[in-house]
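Secondary and tertiary structure notes
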Amino acid sequence: MIHAYQLVVLIPYAAALILVAVPGYRVGAAANVAAAAATFAAGLWLVVGEGVVSDYAIVDEFNIVFIAINTLVGFTTALFSASYIGHEIETGRLSPSFVRFYHAMFQAMMGSMNLSLIANNIGVMWVGLELATLITVVMVGLYRTPQAIEAAWKYFILASVGISLAFFGTILIYLAGQPALGEGVPAMTWSLLQAAAARMDPAILDLAFIFLLIGYGTKVGLAPLHAWLPDAHAEGPTPISAVLSGLLLNVALYALLRFKMLVAGQPAALDPGPVMVVMGLVSLIFAAFMLYQRRDIKRLFAYSSIEHMGLIVFAFGMGGPLANFAGLLHMAMHSLTKSGIFFAVGHIAQAKGTQRIAEIRGLSVTHPRLAVVFALAVLAICGMPPFGVFTSEFLILTTTFAREPWLALLPAFGLLIGFGALLMRLQDTMFGEPVGPAHRVSASSVPMVLHLLLVLAAGIFLPPVLVAWFQRAAELLG
Amino acid sequence: MLNAFAAQSITLALAVAWAAWSDDRPDLFITALIALTLKGIVIPVALHRTVARLGIHREVEKVVGVGAALMVGLALTGLAQALVLKVATGMASHAREDLALALAIILLGFLMMIVRRNAVTQVVGFMSMENGLILAATGARGMPLVVEVSVAFSVLISLFVFAVFVFRIRERFDTVDLEALDRMRGDGR
């Protein structure tokens, strides 16, 4: 009997194998959507089903949040990419054989991310994340332009170094767990490590956490280690930018949080909270200032992703049920909104034939419907009510204010700076004399509208079931 | 340089094989075999061929001078030793040494990636880091083989990715010197 948690990994991998052999991009795109839909269904089944703890897999209240977001956004991105990629073939930026490769890689990446999320073994989790990273490297270089190759190379070097350091941290965790759990597989198993956290060697645990924070922190895009992120977002195909921002950063964050739970379980080890608070704040404020100098629209939103990941890491660093709840909620809202924005940016780039902000003017005149959706999405990510991002940002700031009034000023300051920059750029693109070409957009607008509606719904009314679910997850985080 | 990497990999294979024999863990022989064939022979030969085909023997550009790089390398090795010896007080002495050595190799690989601006040397630096990781993994007694095999596997994939990129970089820029890449900043700063 195959269980749902096996399906979320097996369906994408099987689909990848099949998609390699499927000629013709229309069939391939349809199969891609079908596979993503099946994975999403399996994800939903997991949400309503029972938790699982086996030797190699774990499904609990905490990672199910991530799996749900992952499969949902994977599905909508597949929908978006089906219509987007057709346009890329028509304009000759991609050849059909590349698209076949692209679809197979997309599924393999989804499978690897899901593998990383359900793994109950710190080694397997690392392997999943590494595979997903390597696949995205290839995807970022897909257009084969000099810029794309530079971006992919930079991404590859930084991500490999990060992931190597994370692996060293993983080995150290194993060593730290050995005195309590003995040799072999048990000392690499989450659930067992978690239970034995208090008996782990605190000194090795400290060292391990530093390596893990730097290693996985590179993948999350935390400030001094973020250099790969804007380039990788800007040069790859837009659906990949959406998946990078919306999902891959989350998976890395998930790994980091799991280890934080471990370290927090050993009172003699260092307190991971303050370290994460500092790194989060540095990323948030740094990225907010960097937003002002961006001239490429995808880079702009890539920096905005760094900003929000900083805020999320800050929230989890603060810890406690309320801040964790707000952090989780913000992560979910950011995933949905940011991938929605990237869908809209994909439309805009196709409509105007450029990603340069200076050459995108007067959208409200030439593409009124697209302009409205894009403007709403940008306002949502800025944290304007009534969208869900407002709710989560408000929660993060108020809970910080209640505990450390002075500390709350810093994230508030960073968010305001970022808000100003995004609003300024939004105005640039919306109004003024239209310049340059104005093509008709063929890509489907269903995914971005759907994301925006979900974020709006969450902002207006958060169903009690969802609240209770996130609360349980937040409690697990401690 | 490539020969040094091959020698490092073969030494690693020997170390792992010795660990397999002395700890009586036959599964480690597989790891040793992978290190020997893949990293000791296949990858260096493949890279030698790449280098010969691209004709880039004389293109090794350094950011820092040899002397300075050597000093930094020494300092990093010392740091690794001091750090591990201080932290890992509760471990068996040979495991501790293993870990210290592994950390030193990782940091040196890191250093190599930073001071050489050439795509091929960065590849070698990265794989040297991976060697350090495998040493650390075998030094940790009883770490499951699953992980080691997958590391070897991922190294293989990385090589593939590297190869693709090295060729593409060559194709686009007529050089594998990464300085050429730095001219292309997509953001037009």
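Treat the numbers as computed from the prediction; the structure is a model and nothing was measured.

Our focus in this paragraph is the side chain of A:His334. Residue and element names in this part refer to chain A. Of note, His 334 is situated in helix H13 (residues 320-352). Accessibility expressed as a relative area gives 1% for His 334, which makes it buried. Not counting residues within four places of it along the chain, the set of residues in contact with His 334 comprises Ser 245, Ser 305, His 308, Met 309, Ser 339 and Ile 381.

Take the pattern of salt bridges next. All names here are of chain A. Within this structure, the stated rule accounts for 6 salt bridges over all chains. Residues Asp 60 and Arg 258 are paired through a salt bridge, measuring 3.3 Å at the closest nitrogen-oxygen approach. Here Arg 258 lies in helix H10 (residues 238-264) and Asp 60 lies in the loop between strand S2 (58-59) and helix H3 (61-90), a separation of 198 residues in the sequence. The class for Arg 258 is buried, based on a relative accessible area of 2%. In this structure, Arg 425 engages Asp 428 in a salt bridge whose closest nitrogen and oxygen atoms are separated by 3.1 Å. Of the two residues, Arg 425 and Asp 428 both sit in helix H17 (residues 405-430), 3 residues apart, roughly one turn of that helix. The exposure class assigned to Arg 425 is buried, which follows from its relative accessible area of 14%. Residue Asp 428 is classed as partly exposed on the basis of its relative accessible area of 24%. Each of Lys 154, Asp 231, Glu 235 and Arg 299 takes part in a single network of salt bridges with overlapping partners.

Once that is clear, we can look at a nonpolar patch on the surface. Together, A:Val278, A:Val282 and A:Phe286 make up a nonpolar patch on the protein surface, roughly 230 Å² of accessible area in all. Tracing the backbone through its elements, the reader meets A:Val278 in helix H11 (residues 272-290).

Residue and element names in this part refer to chain A. Enumeration over the complete set of coordinates arrives at 18 aromatic pairs over all chains. Ring geometry for Trp 469 against Phe 470: centres 5.6 Å apart, planes inclined by 90 degrees, an arrangement best described as edge-to-face. Judged by relative accessible area, which is 13%, Trp 469 ranks as buried. Grouped by ring-pair contacts, the aromatic residues Phe 62, Phe 66 and Tyr 254 constitute a single cluster. When the ring centre of Trp 228 is taken as origin, the NZ or CZ atom of Lys 219, which lies over that ring, is 5.0 Å away. The ring of Trp 190 has Arg 258 lying over it, and the distance from NZ or CZ to the ring centre is 5.6 Å.

Moving on, we get to the packing of helix H2 (residues 25-48) of chain A against helix H4 (residues 96-118) of chain A. Residues and elements named next belong to chain A. Running from N to C, H2 and H4 cross one another at 10 degrees; their axes reach a closest spacing of 9 Å. Relative to H4, the element H2 lies roughly parallel. Taking contact as the criterion, the partners of Tyr 25, Gly 28, Ala 29, Asn 32, Ala 35, Ala 36 and Thr 39 in H2 are, on H4, Val 99, His 103, Phe 106, Gln 107 and Asn 114. Partitioned by chemical class, the residues of the contact of H2 with H4 number 6 nonpolar, 6 polar and no charged.

This part takes up the nonpolar core. Residue and element names in this part refer to chain A. Phe 168, Ile 173, Tyr 216, Phe 301 and Phe 374 are the most contacted members of the largest nonpolar core, which totals 225 residues. Here the element with the most residues in this core is helix H6 (residues 146-181); it accounts for 20 residues. Those residues in contact with Tyr 216 that sit more than four places away from it in its chain are Met 125, Trp 126, Leu 129, Ala 166, Thr 170, Ala 252, Ala 255, Leu 256 and Phe 259.

Right, let's get into helix H18 (residues 446-460) of chain A. The periodicity of an α-helix, 3.6 residues per turn, causes residues three or four places apart in sequence to face the same way. All names here are of chain A. In a regular helix each residue adds 1.5 Å, so 15 residues correspond to 21 Å; H18 covers 21 Å between its end C-alpha atoms and thus fits that length. Looking only at H18, the buried set comprises Pro 447, Met 448, His 451, Leu 452, Val 455 and Ala 458. Projected down its long axis, H18 shows its buried positions confined to an angular sector of 130 degrees, all on one face. Summarising the geometry of H18, the exposed residues directed more than 90 degrees from the buried face are Val 446 and Ile 460. Packing partners of the buried residues in H18 comprise H3, H13, helix H15 (368-381) and helix H16 (388-403).

A:Pro385 connects to A:Pro386 through a cis peptide bond whose omega is 5 degrees. Along the chain, A:Pro386 turns up in the loop between H15 and H16.

Now for the confidence of the model for chain B. All names here are of chain B. Per-residue confidence for chain B gives a mean pLDDT of 70; residues scoring 70 or more make up 61%. Here helix H7 (residues 179-182) stands out as the least confident element of chain B, with mean pLDDT 56; helix H4 (residues 93-115) is the most confident, with 81. Taken together, the stretch residues 184-189 has pLDDT below 50 and engages in 16 contacts with residues farther than four places along the chain or on a different chain. Interface confidence in the predicted complex, given as ipTM, is 0.79; pTM for the same model is 0.88.

Residues and elements named next belong to chain B. Structurally, Leu 14 can be placed in helix H1 (residues 2-22). Among the residues examined, Leu 14 registers a relative accessible area of 58% and is labelled exposed. The spatial distance from the C-alpha of Leu 14 to the C-alpha of Leu 38 is 14 Å, given a sequence separation of 24 residues.

Definitions and limits used
Residues numbered from 1 in each chain as written. Chains lettered and ligands numbered in written order. Predicted model: local features only at pLDDT ≥ 70, side-chain atom pairs only at ≥ 80, totals over all residues. Heavy atoms only, no water. Helix = DSSP H or I, 4+ residues; strand = E, 2+ residues; numbered from the N terminus. Buried < 20%, exposed > 50% of the residue type's maximum accessible area, 1.4 Å probe, protein only. Contact = heavy atoms within 4.5 Å. Salt bridge = Lys/Arg side-chain N within 4 Å of Asp/Glu carboxyl O. Patch = residues over 30% accessible without salt bridge, like charges linked within 9 Å, V, L, I, M, F, W, Y side chains within 5 Å. Areas by Shrake-Rupley, 256 points an atom, 1.4 Å probe, with all protein chains shown as cover. Phe/Tyr/Trp six-rings, centres within 6.5 Å; stacked < 30°, edge-to-face > 60°. Lys NZ or Arg CZ within 6 Å of the ring centre and 35° of its normal. Axes fitted to C-alpha atoms, helices over the stretch in contact; angles between N-to-C directions. Parallel < 35°, antiparallel > 145°, perpendicular 65-115°, else oblique. Nonpolar A, V, L, I, M, F, W, Y, C, P; charged D, E, K, R; others polar. Core = buried A, V, L, I, M, F, W, Y, C linked by side-chain atoms within 4.5 Å. Expected span 1.5 Å × (residues − 1). Arc of directions from axis to C-beta. pLDDT = per-residue confidence, 0-100.

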